[in-house]
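Spelled out, the chains give:
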Amino acid sequence: RHFSSSAAFRIQERTLIAVKPDGVQRRLVGDIIKRFEQRGFKLVGMKMLQAPEGVLADHYHDLRQKSFYPALIRYMSSGPLVAMVWEGYNVVGTSRAMVGETNSAEAKPGTIRGDFSIHMSRNVIHASDSVEVAQKEISLWFCSSELVDWDSNFYQV
Ligand code: GDP
Ligand code: MG
């Protein structure tokens, strides 16, 4: 391997992406996966599930005091979601940029929220907001046997 084996690129970052229940209902799973594939990231885990209450409580622990928290949990429990782990150079930061602002009304056109959503109470997608949080979220949603370490024989940093 050439470029990808240089030291600066060797450490592969991972992030948790989830198509939320509204995204599944609206058949946006394929469009969302397509954007991450096109950008060049590598899919290393994916599953569809009805999120368990305990996982959601842990996932949104920092927001538990917010007024919108009960509605957020109802929203995230309203149907199945698709959880994914994507890998690649700067995937946490780049995927946040691809997802757009939390408040969909402010999300720029061209971002996932800016193209598919008008309000933050139904904002289609989750993306981890830091490398540390990503590691926690990945271990919350996936066990290690569900993550596939595969070699990409394609240009990848
Ligand atoms: P994210 O990282 O961009 O998803 O945003 P946060 O971590 O701050 O919030 C988690 C999720 O809670 C968001 O994606 C929204 O679905 C929801 N949320 C955040 N703020 C609000 C709010 O003020 N009102 C409502 N209804 N939902 C919110
Ligand atoms: Mg967040």
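Here the structure is a predicted model, which is why all the values come from computation and not from measurement. (Residues numbered from 1 in each chain as written. Chains lettered and ligands numbered in written order. Predicted model: local features only at pLDDT ≥ 70, side-chain atom pairs only at ≥ 80, totals over all residues. Heavy atoms only, no water.)

### A short note on the UniProt feature "domain: Nucleoside diphosphate kinase-like" (unreviewed entry) in the protein
Those places that UniProt annotates as "domain: Nucleoside diphosphate kinase-like" (unreviewed entry) correspond, in this numbering, to residues 12-149. Regarding residues 12-149, the helix share stands at 41% and the strand share at 17%, and the terminal C-alpha atoms are separated by 11 Å. (UniProt positions renumbered as here; feature names shortened; annotations may be inferred. Helix = DSSP H or I, 4+ residues; strand = E, 2+ residues; numbered from the N terminus.)

### Some points on the site of ligand 1
Taken together, K20, Y60, L63, F68, L72, Y75, R96, T102, R113, M120, S121 and N123 form the complete shell of residues around ligand 1. In the environment of ligand 1, an oxygen atom lies 2.9 Å from a nitrogen or oxygen atom belonging to the side chain of K20. A distance of 3.2 Å separates an oxygen atom of ligand 1 from a polar atom in the backbone of M120. Starting from 540 Å² of accessible surface for ligand 1 in isolation, the protein chains cover 77%. Judged by its atoms lying within 2 Å of the grid points, ligand 1 is housed in the largest pocket. Broken down by class, the residue content of the shell around ligand 1 amounts to six nonpolar, three polar and three charged. (Near = heavy atom within 4 Å. Polar contact = N/O pair within 3.5 Å; in protein donor to acceptor, adjacent residues only side chain to side chain. Areas by Shrake-Rupley, 256 points an atom, 1.4 Å probe, with all protein chains shown as cover. 1 Å grid on protein atoms, 1.4 Å probe; cavity = no way out; pocket = protein on both sides within 12 Å on 5 of 7 lines; lining within 4 Å. Sits in = over half its atoms within 2 Å of the grid points. Nonpolar A, V, L, I, M, F, W, Y, C, P; charged D, E, K, R; others polar.)

### Some points on the UniProt feature "active site" (unreviewed entry) in the protein
In the UniProt entry, the feature "active site" (unreviewed entry) is given for H126. Secondary-structure assignment places H126 in strand 4 (residues 125-127). Among the residues examined, H126 registers a relative accessible area of 10% and is labelled buried. With residues near it in sequence (within four places) discarded, H126 still touches L16, I17, A18, K20, H59, Y60 and E137. (Buried < 20%, exposed > 50% of the residue type's maximum accessible area, 1.4 Å probe, protein only. Contact = heavy atoms within 4.5 Å.)

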